[in-house]
Amino acid sequence: MKKFIIPVICVIVLGCLAGVIVYMNYRSNLFTLPGREAMETEIKKLGYDVAEPERGLLDIAEIKPVVEIYAKPKSSDGKNAESDINFTFTEYKDSAQARNAMSTYYYYGEFLEEKKGKGEKVKIYYNEKKNLCYVVYDIKIESEGKLENFIVNASSGNSLFEDPTVDYIYGGVYMDGKRIVSITTSNPKKAYDIGRTLGNLGLPKP
């Protein structure tokens, strides 16, 4: 009888451990994006000003997000300075608009996941029921291919015209309901600062 009971106990214990691991993995993917005020606080902690893009024709066409802010480098002469981080926060009218905007980052993430090398990280998560999604990166791609360069630049938030040679990304893009935030850097020296910001906001890290 004892010989039968011990294997059963082992199976139950292993089953419980597997259940705990699955649950903890599920919990680690959950997060809540705070609103504008919290994002502005983190932008300022990084030493940047908070700015809003010019609306222009988007207002006329009525295809604007409800809220849109970004980190703007400070400059003593009043001119825009170069930035090696990207921090944007957008809140859309509804979840469908946010999901449509996030889908591009999701597909780019799938591409980068296939291209990543040993020791590099690209994690993708999507929960349709909660409309929760993220793509996080810690990746360096050395490639002269135009497609790779385009996707790395677009994923990092860098201008395709100002800096077409970006080959490193650390950070992530996150969607929660109607909100999307992108917090990344193309400078390895800024990875710690970005990681700290993600931690402050309770967001999954690479």
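The structure this text deals with has already been given above.
Residues numbered from 1 in each chain as written. Predicted model: local features only at pLDDT ≥ 70, side-chain atom pairs only at ≥ 80, totals over all residues. Heavy atoms only, no water.

1. Some remarks on the packing of aromatic side chains
So, step 1. In this structure the tally under the stated criterion is six aromatic pairs.
So, step 2. Aromatic pair Y106 and Y107: ring centres 6.2 Å apart, planes at 85°, arrangement edge-to-face.
So, step 3. Note on Y107: relative accessible area 54%, which makes it exposed.
So, step 4. Clustering of aromatic rings is evident, with ring pairs tying together F31, Y125, Y134 and Y174. (Phe/Tyr/Trp six-rings, centres within 6.5 Å; stacked < 30°, edge-to-face > 60°. Buried < 20%, exposed > 50% of the residue type's maximum accessible area, 1.4 Å probe, protein only.)

2. Re the side chain of N127
So, step 1. Position of N127 relative to the elements: it lies in strand β4 (residues 121–127).
So, step 2. There is a polar contact of 3.1 Å between the side chain of N127 and the backbone nitrogen of K130. (Helix = DSSP H or I, 4+ residues; strand = E, 2+ residues; numbered from the N terminus. Polar contact = N/O pair within 3.5 Å; in protein donor to acceptor, adjacent residues only side chain to side chain.)

3. A word on the sheet that holds strand β2 (residues 67–72)
So, step 1. As summarised here, the arrangement of the seven strands in space is β1-β2-β3-β7-β6-β5-β4, forming an open sheet in which the pairing is antiparallel. The open sheet is flanked by β1 (49–51) and β4, the only strands paired with a single partner. Going across the sheet, the axis of each strand differs from the next one's by a mean of 10°, ignoring polarity.
So, step 2. Where β2 meets strand β3 (residues 85–91), four bridges bridge the pair, whose relative direction is antiparallel. If you follow I69 over to β3, its bridge partner there is F89.
So, step 3. Together, β1, β2, β3 and β7 (179–185) form the strand contacts of helix α2 (residues 36–45), whose direction differs from that of β2 by roughly 10°.
So, step 4. This element, helix α6 (residues 191–200), spans β3, β6 (168–176) and β7 of the sheet and lies at about 15° to β6. (Pairing = 2+ DSSP bridges. Axes fitted to C-alpha atoms, helices over the stretch in contact; angles between N-to-C directions. Contact = heavy atoms within 4.5 Å.)

4. A closer look at the nonpolar core
So, step 1. Core analysis: the largest hydrophobic core is formed by 26 residues, its most contacted members being M39, F87, Y174, V181, I183 and L203.
So, step 2. Broken down by secondary-structure element, the contributors of at least two residues to this core are α2, β2, β3, β5 (132–140), β6, β7 and α6.
So, step 3. With residues near it in sequence (within four places) discarded, I183 still touches N86, F87, Y170, G171, G172, I194, T197, L198, L201 and L203.
So, step 4. Y92, A98, I141 and V152 belong to the second-largest nonpolar core, a separate cluster that totals 19 residues. (Core = buried A, V, L, I, M, F, W, Y, C linked by side-chain atoms within 4.5 Å.)

5. As for α2
Helical geometry note: an α-helix holds 3.6 residues per turn, so side chains three or four residues apart project in the same direction.
So, step 1. Residues of α2 that are buried: M39, E40, E42 and I43. The buried residues of α2 occupy one face: seen down the axis, they fall within an arc of 165°. The exposed set on the far side of α2, more than 90 degrees from its buried face, consists of E37, K44 and K45.
So, step 2. On its buried side, α2 packs onto β1, β2, β3, β7 and α6.
So, step 3. One or two positions beyond α2, positive phi appears at G47, with a value near 90°. (Arc of directions from axis to C-beta.)

6. Considerations on the environment of F89
So, step 1. Relative to the helices and strands, F89 resides in strand β3.
So, step 2. When its relative accessible area of 0% is taken as the criterion, F89 is described as buried.
So, step 3. The spacing of F89 and A71 is 18 residues in sequence and 9.1 Å in space, taken between C-alpha atoms.
So, step 4. The contact partners of F89, leaving out residues within four places of it in the chain, are P34, G35, R36, M39, V67, E68, I69, R179, I180 and V181.

7. Looking at the side chain of S182
So, step 1. Tracing the sequence through the fold places S182 in strand β7.
So, step 2. Accessibility expressed as a relative area gives 2% for S182, which makes it buried.
So, step 3. Among the polar contacts made by the side chain of S182, one reaches the side chain of N86 at a distance of 2.8 Å.
So, step 4. Contact partners of S182, with chain neighbours within four places excluded, come to N86, F87, T88, G172 and V173.

8. Looking at the environment of P204
So, step 1. Relative to the assigned elements, P204 resides in the segment after α6.
So, step 2. Classification of P204 by relative accessible area gives buried; the value is 12%.
So, step 3. Residues P204 and F31, spaced 173 residues apart in sequence, show a C-alpha to C-alpha distance of 7.6 Å.

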